[in-house]
Amino acid sequence: MLEVKNVFKSYKKPDFFTMKRNMVLHDVSFSMDENECLGIIGESGSGKSTLSRLILGIEAPDRGEVLINRKSVKNRRERKGIVSAVFQDYTSSINPSATVHDTILESMQISKTKFNRQEAIELLNKVGLSEDYLYRHPHELSGGEVQRVCIARAIASKPMLIVLDEAISSLDASIQVTILDLLKNLKKEYNLSYLFITHDIQAAAYICDKLIIFKDGKIVEKIKTEDIKNVKEDYSKQLFNAVLAV
Ligand SMILES: Nc1ncnc2c1ncn2[C@@H]1O[C@H](COP(=O)(O)OP(=O)(O)O)[C@@H](O)[C@H]1O
Ligand SMILES: [Mg+2]
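Our subject in this report is the structure included herewith.

### Re the sheet that holds strand β10 (residues 218–224)
Then step 1. As summarised here, the arrangement of the 6 strands in space is β6-β7-β8-β3-β9-β10, forming an open sheet in which the pairing is mixed. For this open sheet the edge positions go to β6 (83–87) and β10, each flanked by a neighbour on one side alone. Neighbour-to-neighbour, the strand axes of this sheet turn through a mean angle of 15°, independent of strand direction.
Then step 2. Here strand β9 (residues 210–215) runs beside β10; their pairing, made up of 6 bridges, is antiparallel. The residue of β10 that forms the bridge with Lys215 is Lys218.
Then step 3. On the sheet, helix α6 (residues 143–156) packs against β6 and β7 (161–165) and is oriented at approximately 175° with respect to β6.

Here it is in structure tokens:
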């Protein structure tokens, strides 16, 4: 369903005098199937958010291509309603002056022309919020509640794939588990695929079927989550030992 093929991405260095570019992604290739949850684990600065922007078609790669259902994500029209996203920084990813109602309905409009308030309420219930939240603004919600609204918005456009870029990383530990369980249930109910991008190995292992270990813009290793204790590369061993030892 999702195919990332030999993707390279660089950014211009801020230094005006050098022609050198900052290579962020080097020859990244992987694919994922429907109903799969694939984790991308990497340290901060390893290029994960850059990769998510390429997959969402927000930016274009220097070389290589990203295909969803064999079509390039460069085509915004084709992509609409097929892939959506939940980001880490929920305060900036949601319009502060829009009510929960407007946020969800705007997203619903992408997939169909007619919608109603009842559907918005049903969706809100699915993410664990009651009807009382419908006309609230983001500043009247807790961080966890805003993130639930962002998840509802991501589902409202009826996507096949949701890119979750550090989606739970800003939340308190206890709320993280609740949101991960919510994501697991929604995935089953709506037959979703998740690309779960994180620096948090435990969260990734909890929710993902497969994992990609990512370092300095390159794929180090691809494994099934059940094989987490048998990773081959030194970097993966280092990364997992630190977590699995405790
Ligand atoms: N728009 C941009 N312009 C220049 N450099 C960028 C841009 N976006 C990201 N980078 C650089 O790319 C690298 C990877 O960043 P990012 O993809 O955000 O990593 P991660 O999400 O894994 O923390 C960093 O060195 C960052 O400074
Ligand atoms: Mg990031």
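### Some points on the pattern of salt bridges
Should their charged atoms come close, side chains of opposite charge can pair.
Then step 1. Overall, the coordinates contain 7 salt bridges when judged by the stated rule.
Then step 2. Here Lys9 makes a salt bridge to Glu59, at a shortest N to O gap of 3.9 Å. Of this pair, Lys9 sits in strand β1 (residues 2–12) while Glu59 sits in the loop between α1 (48–55) and β4 (63–68), placing them 50 residues apart in sequence.
Then step 3. By relative accessible area, which is 10% here, Lys9 ends up buried.
Then step 4. Here Glu59 falls in the partly exposed class, since its relative accessible area comes to 23%.
Then step 5. For Asp216, the salt bridge is made with Lys215, and the minimal N-O distance between the two is 3.2 Å.
Then step 6. One continuous salt-bridge network, built from bridges that share partners, spans Lys9, Arg53 and Glu59.

### Things to note about the site of ligand 1
Then step 1. In the vicinity of ligand 1, the residues found are Tyr11, Val24, Glu43, Ser44, Gly45, Ser46, Gly47, Lys48, Ser49, Thr50 and Arg53.
Then step 2. Here an oxygen atom of ligand 1 sits 2.6 Å away from a polar atom, N or O, in the main chain of Gly45.
Then step 3. Within the backbone of Gly47, one N or O atom sits 3.1 Å away from an oxygen atom of ligand 1.
Then step 4. Its free accessible area being 570 Å², ligand 1 has 61% of it covered by the protein chains.
Then step 5. Looking at the shell around ligand 1, its residues break down into 2 nonpolar, 6 polar and 3 charged.

### A look at the pairing of strand β8 (residues 193–198)
Then step 1. In terms of residue burial, β8 counts as a mostly covered element, since 6 of its 6 residues are buried.
Then step 2. The two faces of β8 match: Ser193, Leu195 and Ile197 on one face and Tyr194, Phe196 and Thr198 on the other face are all buried.
Then step 3. Note that strand β3 (residues 37–42) and β8 share 5 bridges and pair parallel. When the sheet's bridge partners are listed, Leu38 is paired in β8 with Leu195.

### Thoughts on helix α5 (residues 117–126)
Then step 1. Those residues of α5 that sit buried are Ala120, Ile121, Leu123 and Leu124. For α5, the arc enclosing every buried residue in end-on projection is 160°, short of the 170-degree limit, so these residues lie on one face.
Then step 2. Positive backbone phi, at 85°, marks Gly128, one or two positions downstream of α5.

### What about the nonpolar core?
Then step 1. Formed by 53 residues in total, the largest nonpolar core has its most connected members in Ile104, Ile151, Tyr194 and Phe196.
Then step 2. Among the domains, domain 1 (1–82 + 159–221) and domain 2 (94–158) are the pair contributing at least three residues each to this core.
Then step 3. Here Phe196 is in contact with Cys37, Leu38, Gly39, Ile40, Leu164, Ile168, Leu180, Ala203, Ala204, Ile207 and Cys208, once residues within four sequence places are set aside.
Then step 4. Judged by nonpolar contacts, the second largest core, of 26 residues, contains Leu2, Leu25, Leu56 and Ile212.

What counts and how
Residues numbered from 1 in each chain as written. Chains lettered and ligands numbered in written order. Predicted model: local features only at pLDDT ≥ 70, side-chain atom pairs only at ≥ 80, totals over all residues. Heavy atoms only, no water. Pairing = 2+ DSSP bridges. Helix = DSSP H or I, 4+ residues; strand = E, 2+ residues; numbered from the N terminus. Axes fitted to C-alpha atoms, helices over the stretch in contact; angles between N-to-C directions. Contact = heavy atoms within 4.5 Å. Salt bridge = Lys/Arg side-chain N within 4 Å of Asp/Glu carboxyl O. Buried < 20%, exposed > 50% of the residue type's maximum accessible area, 1.4 Å probe, protein only. Near = heavy atom within 4 Å. Polar contact = N/O pair within 3.5 Å; in protein donor to acceptor, adjacent residues only side chain to side chain. Areas by Shrake-Rupley, 256 points an atom, 1.4 Å probe, with all protein chains shown as cover. Nonpolar A, V, L, I, M, F, W, Y, C, P; charged D, E, K, R; others polar. Arc of directions from axis to C-beta. Core = buried A, V, L, I, M, F, W, Y, C linked by side-chain atoms within 4.5 Å. Domains from an automatic or database assignment.

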